[in-house]
Amino acid sequence: MVDFDMMDAERVMQFLFALRSKGVTDKRVLEAMEFIDRGLFVKGHFASRAYDDLPLPIACGQTISQPGVVGLMTQALKVRPRDKVLEVGTGSGYQAAILSQLARRVYTVDRHRRLVKEARRVFDRLDLTNITTIVGDGSFGLPDQAPFDRIVVTAAAEDPPGPLLAQLRTGGIMVVPVGQSDAVQRLIKVTKSEAGLEYEELAPVRFVPLVEGLGQD
Ligand code: SAH
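Residues numbered from 1 in each chain as written. Predicted model: local features only at pLDDT ≥ 70, side-chain atom pairs only at ≥ 80, totals over all residues. Heavy atoms only, no water.

Under an unreviewed UniProt entry, the name given to the protein chain is Protein-L-isoaspartate O-methyltransferase, and the source organism is Psychromarinibacter sediminicola. Taken verbatim from the UniProt record of the protein chain, the Sequence similarities (unreviewed entry) comment is "Belongs to the methyltransferase superfamily. L-isoaspartyl/D-aspartyl protein methyltransferase family." In UniProt, the protein chain has this text filed under Function (unreviewed entry): "Catalyzes the methyl esterification of L-isoaspartyl residues in peptides and proteins that result from spontaneous decomposition of normal L-aspartyl and L-asparaginyl residues. It plays a role in the repair and/or degradation of damaged proteins." (UniProt positions renumbered as here; feature names shortened; annotations may be inferred.)

## Points about the pattern of salt bridges
What the rule picks out here adds up to ten salt bridges. Of the charged contacts in the structure, one is a salt bridge between Lys27 and Glu31, with a shortest N-O distance of 3.2 Å. One end of the pair, Lys27, and the other, Glu31, are both in helix α2 (residues 27–35), four residues apart, so they sit about a helical turn from each other. Relative accessible area serves as the criterion here: at 61%, Lys27 is assigned to the exposed category. Under the relative-accessibility criterion, Glu31 is labelled partly exposed at 43%. (Salt bridge = Lys/Arg side-chain N within 4 Å of Asp/Glu carboxyl O. Helix = DSSP H or I, 4+ residues; strand = E, 2+ residues; numbered from the N terminus. Buried < 20%, exposed > 50% of the residue type's maximum accessible area, 1.4 Å probe, protein only.)

## So, the nonpolar core
Ranked by internal contacts, the top residues of the largest apolar core, which has 47 residues, are Met33, Phe41, Tyr94 and Phe123. Elements that contribute at least two residues to this core include exactly α1 (9–21), α2, α3 (67–77), α4 (94–100), α5 (113–125) and β7 (168–178). Contacts of Tyr94, omitting those with residues within four sequence positions, involve Phe15, Met33, Ile36, Arg38, Phe41, Ile64 and Val70. Counting residues in hydrophobic clusters, the runner-up holds 16 residues, among them Ile151, Met174, Val176 and Val190. (Core = buried A, V, L, I, M, F, W, Y, C linked by side-chain atoms within 4.5 Å. Contact = heavy atoms within 4.5 Å.)

## As for the pairing of strand β8 (residues 185–193)
Where β7 lies against β8, six bridges are found, and the strand directions are antiparallel. Bridge pairing in β8 places Val178 opposite Arg186. Hairpin remark: β7 followed by β8, antiparallel, with six residues in the connecting loop; positive phi at Gly179, about 135°. Relative to strand β9 (residues 196–205), β8 is paired through nine bridges, and the arrangement is antiparallel. Residue pairing in the sheet places Leu187 in a bridge with Ala203 of β9. (Pairing = 2+ DSSP bridges.)

## Considering α1
The end-to-end C-alpha distance of α1, which contains 13 residues, comes to 18 Å, matching closely the 18 Å that a straight helix rising 1.5 Å per residue would cover. Those residues of α1 that are buried lie in contact with α2, α3 and α4. Positioned one or two residues after α1, Gly23 has a phi angle of 100°, which is positive. (Expected span 1.5 Å × (residues − 1).)

Right, dumping it as structure tokens:
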């Protein structure tokens, strides 16, 4: 039987090699991705593919993002050790777990209660005590916790949601996929300065859509 709790040395090497070949070169990001075992966030039938550079299905008809894309998004965020980070779209919890290694605190929101509950279980198992999980519509952000130093949205909106831009601290960075849900989307990096918002296009991506309101389960 294969033990998915521990990545063996060869699998780790291949995983990191694939990340580097996708342009993920930041040492802290690579270390965090080496430490957080993606196998813990993929359940059932697809667990054997956890170390491939592929998006995979998770509960509630959602997907865990491709490791290469998680790496590029995390790298683009330039998270600093004292940062307070908001993630919209907990999904499996994989992205939040990586952010927890780089930031002071991570708030992660999902509209599906079941996904939040399952992600929480993995965070507890890994003793990731600096992640706060919330069930809710993350497109409105978390006004009580704002402003955030960094915001990452892991579901595609037609435009970066206004409330999230408002809750980004001056000097902050937000990474968000934008575009129609059934088309190729663009990953955008938004930097907020005294002068206003600056947009940079990073890569073509494909994410599930950002949906209004709470999920059924
Ligand atoms: N970051 C995740 C992948 C996210 S998939 C991971 O690492 O596994 C996108 C997630 O966004 C889904 O779980 C979906 O339920 C969630 N989502 C979509 N619209 C949302 C909204 N308005 N508020 C919060 N979560 C939302």
